[in-house]
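# Chains, contacts and geometry: an overview
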Amino acid sequence: MSFAELKQNKAVAAQLASLLQSGKLVHAYLFVGGKESRLQMGKALAAAILCGSPHEGDACGTCLSCRKFAHGNHEDYLYTDLETAPGNAKTQIGVDAVEALQEQLKLKPFGPRHVAVIEEAHLLNTAAQNKLLKTLEEPAGDSVLILLAEKKEALLPTVVSRCSTYFLEDEAVLPQEAETELARAYFTLCAGRSLFYQKRDCLKPVLEEKNDPRAKAASFLECLLMLLRDALLFPYTQDRSPVSRDWDSFEEVCAKTDPEKLKTAISAVEDAIRSVRLGYNTGYTLKKLCLDLSI
Ligand SMILES: [Zn+2]
């Protein structure tokens, strides 16, 4: 499994590969999404981290480490889910599973580091999550923990705040041209300190969507999120997602943004995406964003 093989969430994969290539590896990741997309992203990241000769931040697919990973017998890859977790309670992942993982992480890895994946992290009970906090705060060696979850809300805020979090799309949806254009226009307005009504008017195509307002809003917000992440990371990675890549004014607009405000804006847009997915009123969510968002 490699980032290049992924059929969806290409922008997230590109960002991760770019961060890995520049050595910006963090100790904990959280991928929120459907089973298929989060598992694929988790495995692709694990393979890329473990690869002995990565190519542009992605797993090479041919080195010994990649071959072991593909055969499911990599010594440094630790995988936990509800089914494999110790204990009899098969509705949640308990403390014993986290303790077992912590014991494994204490052992010396075969290569440079362990990579541990916890699938169905939303099923970790509160005690298990509290136990996990210790590993998140003081990781064993250079180990990397990858949490895969259906929803972020099932995790304690203290756990989430220690992870680098990415929201994944479950269908093969590439940014739509209309939503890409809209996100760029909106981003430009926000960077230009525009007024509430100007931002609201810009969002008319989404606010007045009749067929599937939630899908339209989610698609717009995903594009906006990519732009915000691009704006924050571009100075370091020189990499861009498809939403900003062929946009000539991108750097000019980014120059007007403040990195600290971008971070807050990313959280606000992530919250808005969650609200839309949970079925909250899209009009209300978007208007609230118009009031809150400042970059
Ligand atoms: Zn490799």
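If you're wondering where the values come from, they're calculated on a predicted model, not measured in any experiment. (Residues numbered from 1 in each chain as written. Predicted model: local features only at pLDDT ≥ 70, side-chain atom pairs only at ≥ 80, totals over all residues.)

Within the chain one finds 14 helices and five strands. For 295 residues, the compact-globule estimate of 2.2 N^0.38 gives 19 Å, and the chain sits close to it at 20 Å. Taken along the three principal axes of its C-alpha coordinates, the chain extends 55 × 40 × 35 Å. Excluding contacts between residues fewer than 6 apart, the proportion of contacts in the chain whose partners are at least 24 apart in sequence is 75%. (Helix = DSSP H or I, 4+ residues; strand = E, 2+ residues; numbered from the N terminus. Rg over C-alpha atoms; globule rule 2.2 N^0.38 Å. Contact = placed C-beta atoms within 7 Å.)

A separate point is the domain arrangement of the chain. Entries for the chain in the domain assignment read domain 1 (3–167) and domain 2 (177–292). The C-alpha centroid of domain 2 is placed 29 Å from the C-alpha centroid of domain 1. Counting from both sides, the interface comprises eight residues of domain 1 and, opposite them, 11 residues of domain 2. Of all the elements, helix α1 (residues 10–21) adds the most residues to the side of domain 1 that touches domain 2, at five residues. A class-by-class count of the residues in the side of domain 1 that touches domain 2 yields four nonpolar, three polar and one charged. (Domains from an automatic or database assignment. Nonpolar A, V, L, I, M, F, W, Y, C, P; charged D, E, K, R; others polar.)

Spanning 25 residues, helix α10 (residues 213–237) covers 34 Å between terminal C-alpha atoms, matching the ideal 36 Å at 1.5 Å per step. A maximum bend of about 35° is found in α10 at A231, where proline P235 lies one to four positions downstream. Buried residues dominate α10, accounting for 18 of its 25 residues. Count one or two residues on from α10 and you reach Q238, which has phi positive near 60°. (Expected span 1.5 Å × (residues − 1). Bend = angle between axes of the 7 residues up to and from the residue. Buried ≥ 20, exposed ≤ 12 C-beta atoms within 10 Å, placed from the backbone.)

Reading across the sheet, the five strands line up as β2-β3-β4-β1-β5 and stay open at both edges, with parallel pairing between neighbours. Each edge of the open sheet carries a strand with a single partner, namely β2 (77–80) and β5 (164–167). When the angles between neighbouring strand axes are averaged without regard to direction, this sheet yields 15°. Pairing geometry for strand β1 (residues 28–32) and strand β4 (residues 144–149), over five bridges, is parallel. (Pairing = 2+ DSSP bridges. Axes fitted to C-alpha atoms, helices over the stretch in contact; angles between N-to-C directions.)

Between α1 and helix α2 (residues 35–50), the least distance of the axes is 11 Å, while the angle of their chain directions is 20°. Considering the angle they form, α1 stands roughly parallel to α2. The crossing of α1 and α2 is right-handed. In this structure, α1 uses V12, A13, L16, A17 and L20 to contact α2, whose residues at the interface are M41, A44, L45, A48 and I49. Partitioned by chemical class, the residues of the contact of α1 with α2 number 10 nonpolar, no polar and no charged. (Parallel < 35°, antiparallel > 145°, perpendicular 65-115°, else oblique. Left-handed = near helix turned anticlockwise from the far one by under 90°.)

You will see that E56, though not glycine, has its phi angle at about 50°, which is positive. Along the chain, the position of E56 falls in the loop between α2 and α3 (64–71).

Three or more residues of α3 are buried, namely S65, C66 and F69. One face of α3 carries all of its buried residues, which in axial projection span an arc of 95°. Exposed residues on α3 whose side chains face more than 90 degrees from its buried face are L64 and H71. One or two positions beyond α3, positive phi appears at G72, with a value near 75°. (Arc of directions from axis to C-beta.)

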